[in-house]
Amino acid sequence: MAWQSILSRKIASADEKSALAMTGRVFRYLAILFIVYLSYLNNGFAQTQNTDNLYKKPLVDVLKEIQTRFKVQIKYSEPQVKDKWVNYAEWRFRSDVDETLTNVLMPLDMKVNKEKPGVYKLKEYEYYRWEVQDGWAYLDTLATKYHDKASWEKRKGEIKPELYQALMLSPLPAKPNSKPIITAKRVFDGYSVENIALEILPGVWINGSLYKPLNVKGKIPVVLSPDGHWEKQRYRPDCQIRCATIARMGAMAFSYDLFAWGESMLQFKYEDHRRSLAQTVQALGGIKILDYFSSLKETDTSRIGISGGSGAGSHSILMTAMDDRIKLSAPVVAMSSYFYGGCPCESGMPIHQCGGGTDNVELAAMAAPRPQLLVSDGGDWTAHTPQHDFPYLQKMYGYYGVQDKVENVHLPDEKHDFGINKRIALYDFLIKNFKLNGAAVKDKTGKYDESKVTIEKENAMYVFGDKGEKLPKNAVMGFENLEKLFPLSTTK
């Protein structure tokens with residue numbers, strides 16, 4: 001550079017003292033140049049904060065600024081904020097922290113849960129979880145569409161066929177000609193158990209265990225017992241206890257697997273359960289199970305019920321809305337106007353867009369005037385059932401003059417499970433509406449006694465052998481092959 005050449009000549013012609021002075025001035029000059037350069041860089045960065053560059057900032061920086069400005073704590077993990085940017089970041093700030101968080105996070109399909117005053121936790125947007133008041137308001141809006149039995153029946157007539165269409169079950173797939181696969185019967189105190197597999201599509205089975213009462217005369221009622229997302233599902237002790245107790249009271253209880261759960265995992269992976277088509281296969285399975293039991297000479301078709309908990313509670317609501325052969329329903333820790341089910345097996349297909357938009361409480365109302373029990377608790381999304389959702393259902397049953405046919409047992413101090421008090425509520429309801437023999441399962445003091453139930457090992461409840469060695473050769477293996485049976489499917 002030119003200044004370097006000048007400096008060299010001056011230093012060469014000056015004495016040592018002059019040269020040192022000159023060198024000092026040059027270094028000061030370089031320092032000034034460096035400061036100017038930094039200022040230029042900062043100016044360049046500032047220039048990016050304009051509309052041409054969307055006033056964008058890293059999400060992590062925006063969250064830090066929100067915490068500082070509003071004096072709150074926001075919990076998040078590094079992966080949640082990595083490589084995420086907020087457009088027009090500063091313009092999204094408002095005087096209220098909640099409004100600011102909504103403005104910042106909604107375009108990113110994220111939200112916060114308020115754990116306590118001043119403390120928030122960052123979460124991905126949950127399409128299936130609404131604010132309580134939003135769910136109630138939407139249910140109130142739906143309720144304006146009908147005002148008596150006739151207008152409600154018209155509404156039901158609009159929703160029902162659309163449920164089949166939304167699930168890609170209109171028309172229903174052809175029924176395979178195969179016979180059910182039934183294992184040897186095990187006999188216990190007052191009941192027996194045999195495992196059954198029904199082919200619902202070519203090469204696709206739904207498996208379960210049938211609990212039957214011993215020494216029962218006449219037609220026998222049936223209680224379909226899908227189980228929810230708890231570990232071990234139908235193999236769990238509390239599930240076996242529930243079904244065996246129902247059998248000891250005089251009804252058949254059929255406990256069956258959800259899709260890609262239990263023995264279904266011989267054909268499909270666990271992660272396939274969280275694909276939208278799972279809801280379709282489960283609904284089809286429920287229909288084929290109804291076909292099977294309705295065809296048995298021993299079945300009392302006027303007393304066919306369904307009761308499942310959690311995700312299987314959502315399944316129970318859907319099945320009852322779709323199929324009038326179900327005469328009684330008891331969804332446990334499931335129904336809510338502000339929670340649509342967190343698993344695609346509950347909300348993966350567009351069933352909640354039917355009839356111009358619906359929700360699980362309106363679908364539950366489609367059970368009227370058939371008896372229905374709602375079991376709710378204080379530890380999940382059913383915590384507010386008695387306040388709004390249950391009164392709505394009472395009004396709907398009132399259209400038929402049978403308001404007492406819908407009941408709610410609310411357990412405010414309990415959590416999300418199918419524990420003893422929830423089972424007792426179900427037993428009482430079945431005894432009342434299906435005329436079962438409660439005395440057969442109660443002790444001398446009148447309390448339910450489940451101690452006579454034998455808890456079997458898991459492999460005793462398999463249809464296809466300990467290692468799946470008895471799975472038929474034509475079994476469909478893998479989700480990709482299942483999709484081929486539904487040509488309209490777009491789920492990947």
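Residues numbered from 1 in each chain as written. Predicted model: local features only at pLDDT ≥ 70, side-chain atom pairs only at ≥ 80, totals over all residues. Heavy atoms only, no water.

K.L.:
Would you mind going over the overall build of the protein chain in detail, with residue names and values included?
P.N.:
Within the protein chain one finds 15 helices and 15 strands. Looking at the 492 residues of the protein chain, the share that counts as buried comes to 51%. A fraction of 71% describes how many contacts in the protein chain between residues 6 or more apart in sequence connect residues 24 or more apart. Here the protein chain has roughly 23,800 Å² of accessible surface; of this, 55% comes from carbon and sulfur atoms. (Helix = DSSP H or I, 4+ residues; strand = E, 2+ residues; numbered from the N terminus. Buried < 20%, exposed > 50% of the residue type's maximum accessible area, 1.4 Å probe, protein only. Contact = heavy atoms within 4.5 Å. Areas by Shrake-Rupley, 256 points an atom, 1.4 Å probe, with all protein chains shown as cover.)

K.L.:
I'd love a proper account of the side chain of Thr320, names of residues and values included.
P.N.:
Tracing the backbone through its elements, the reader meets Thr320 in helix H10 (residues 311–322). Here Thr320 falls in the buried class, since its relative accessible area comes to 2%. A polar contact is formed between the side chain of Thr320 and the backbone oxygen of Ser316, at a distance of 2.7 Å. Every residue in contact with Thr320, bar those within four places of it in the chain, is listed here: Ile306, Ile326, Ser329, Ala367 and Arg370. (Polar contact = N/O pair within 3.5 Å; in protein donor to acceptor, adjacent residues only side chain to side chain.)

K.L.:
Before we move on, could you go through unusual backbone geometry and cite the residues and values that matter?
P.N.:
Here the amide bond leading from Ser170 into Pro171 is cis, since omega sits at 5°, within 30 degrees of zero. Tracing the chain through its elements places Pro171 in the loop between helix H7 (149–166) and strand S6 (181–182). Residue Pro369 is bonded to the preceding Ala368 through a cis peptide linkage, with omega at 10°. Position of Pro369 among the secondary structure elements: in the loop between helix H12 (360–365) and strand S14 (372–377). You will see that Lys232, though not glycine, has its phi angle at about 75°, which is positive. Within the fold, Lys232 resides in the loop between strand S10 (220–226) and helix H8 (237–248). Using a relative accessible area of 45% as the deciding quantity, one classes Lys232 as partly exposed.

K.L.:
Outline the pattern of salt bridges, listing residues and values.
P.N.:
Overall, the coordinates contain 28 salt bridges when judged by the stated rule. The residue Arg69 makes a salt bridge to Glu90 at a minimum N-O spacing of 3.7 Å. On the criterion of sequence distance, the pair formed by Arg69 in helix H3 (residues 59–70) and Glu90 in the loop between strand S3 (85–86) and helix H5 (97–105) is long-range, its members being 21 residues apart. Glu90 sits in the partly exposed class, given a relative accessible area of 31%. Beyond isolated ion pairs, a larger network of salt bridges with shared partners links Lys57, Glu65, Arg69 and Glu90. (Salt bridge = Lys/Arg side-chain N within 4 Å of Asp/Glu carboxyl O.)

K.L.:
An account of the nonpolar core is needed here, citing residue identities and associated values.
P.N.:
In terms of nonpolar packing, the biggest core is built from 74 residues, with Leu163, Leu224, Phe293, Tyr392, Leu393 and Leu482 touching the most fellow members. Considering each element in turn, this core owes the most residues, 10 residues, to helix H9 (residues 277–295). The contacts of Leu482, once residues within four sequence positions are left out, are Leu201, Val204, Phe259, Phe268, Leu277, Val281 and Val476. In terms of nonpolar packing, the next biggest core, distinct from the first, is built from 36 residues, Tyr191, Tyr211, Val223 and Met461 among them. (Core = buried A, V, L, I, M, F, W, Y, C linked by side-chain atoms within 4.5 Å.)

K.L.:
Run through the state of the cysteines, naming residues and quoting values.
P.N.:
The bond known as a disulfide is covalent and runs between the sulfur atoms of two cysteines. Counted by the stated rule, this structure contains zero disulfides. Here Cys343 stays unpaired: no disulfide links it, and the sulfur of Cys345, its closest cysteine neighbor, is 3.6 Å away. Exposure remark for Cys345: the relative accessible area of 5% places this residue in the buried category. (Disulfide = S-S within 2.5 Å.)

K.L.:
So what's going on with the packing of aromatic side chains? Residues and values would help.
P.N.:
Scanning all chains against the criterion turns up 18 aromatic pairs. Centre to centre, the rings of Trp205 and Phe464 are 6.1 Å apart; their planes meet at 80°, and the pair counts as edge-to-face. Here Trp205, found in strand S9 (residues 204–213), pairs with Phe464, found in the loop between helix H14 (420–434) and helix H15 (479–483); they are 259 residues apart in sequence, far enough to count as distant. Per residue, the accessibility class of Trp205 equals that of Phe464, and both read buried. Measuring from centroid to centroid gives 5.2 Å for Tyr427 and Tyr448, while their planes differ by 55°, and the two rings are tilted. Here Tyr427, found in helix H14, pairs with Tyr448, found in the loop between H14 and H15; they are 21 residues apart in sequence, far enough to count as distant. The class of Tyr427 is buried, set by a relative accessible area of 0%. Among the residues examined, Tyr448 registers a relative accessible area of 17% and is labelled buried. Stacked on the ring of Phe418, the Lys or Arg Arg242 has its end atom at 4.0 Å from the ring centre. Above the ring of Tyr448, the side-chain terminus of Lys442 is found at 4.9 Å from the ring centroid. (Phe/Tyr/Trp six-rings, centres within 6.5 Å; stacked < 30°, edge-to-face > 60°. Lys NZ or Arg CZ within 6 Å of the ring centre and 35° of its normal.)

K.L.:
Hey, could you go over the sheet that holds strand S2 (residues 73–75) for me, with residue numbers and the actual values?
P.N.:
The strand order across the open sheet built from three strands is S2-S5-S4, with neighbouring strands paired in mixed fashion. The sheet is open, and its two borders are formed by S2 and strand S4 (110–116), each paired with just one other strand. Between one strand and the next, the sheet's axes are offset by a mean angle of 30°, whatever the strand orientation. In this sheet, strand S5 (residues 119–124) lies alongside S4 in antiparallel orientation, the contact comprising six bridges. Along S5, the bridge assignment pairs Asn113 with Lys121. Seen against the sheet, H5 touches S2, S4 and S5 and runs at an angle of roughly 150° to S4. (Pairing = 2+ DSSP bridges. Axes fitted to C-alpha atoms, helices over the stretch in contact; angles between N-to-C directions.)

K.L.:
Help me get a handle on the pairing of S10, residues and values and all.
P.N.:
Along S10, seven of the seven residues are buried, which leaves the element largely enclosed by surrounding structure. On S10, burial covers both faces: Ile220, Val222, Leu224 and Pro226 on one face and Pro221, Val223 and Ser225 on the other are all buried. Two elements, S10 and strand S12 (residues 299–306), share four bridges in a ladder whose sense is parallel. Within the sheet, the bridge partner assigned to Ile220 lies in S12 and is Thr299. Pairing geometry for S10 and strand S11 (residues 252–256), over five bridges, is parallel. From the neighbouring strand, Val222 faces S11, where its bridge partner is Met252. Read from S10 through H8 to S11, the crossover connection turns out right-handed. (Right-handed = clockwise from strand over helix to strand, strands pointing away.)

K.L.:
I'd love a proper account of the packing of H9 against H10, names of residues and values included.
P.N.:
In contact at an axis separation of 10 Å, H9 and H10 are set at 60° when each is read in the N-to-C sense. In terms of orientation, H9 lies oblique with respect to H10. Seen from above, H9 lies across H10 with right-handed handedness. Where H9 abuts H10, its residues Gln279, Gln282, Ala283, Gly286, Ile287 and Leu290 lie against His315, Leu318, Met319 and Met322. When the residues that make up the contact of H9 with H10 are grouped by side-chain class, the tally is six nonpolar, four polar and no charged. (Parallel < 35°, antiparallel > 145°, perpendicular 65-115°, else oblique. Left-handed = near helix turned anticlockwise from the far one by under 90°. Nonpolar A, V, L, I, M, F, W, Y, C, P; charged D, E, K, R; others polar.)

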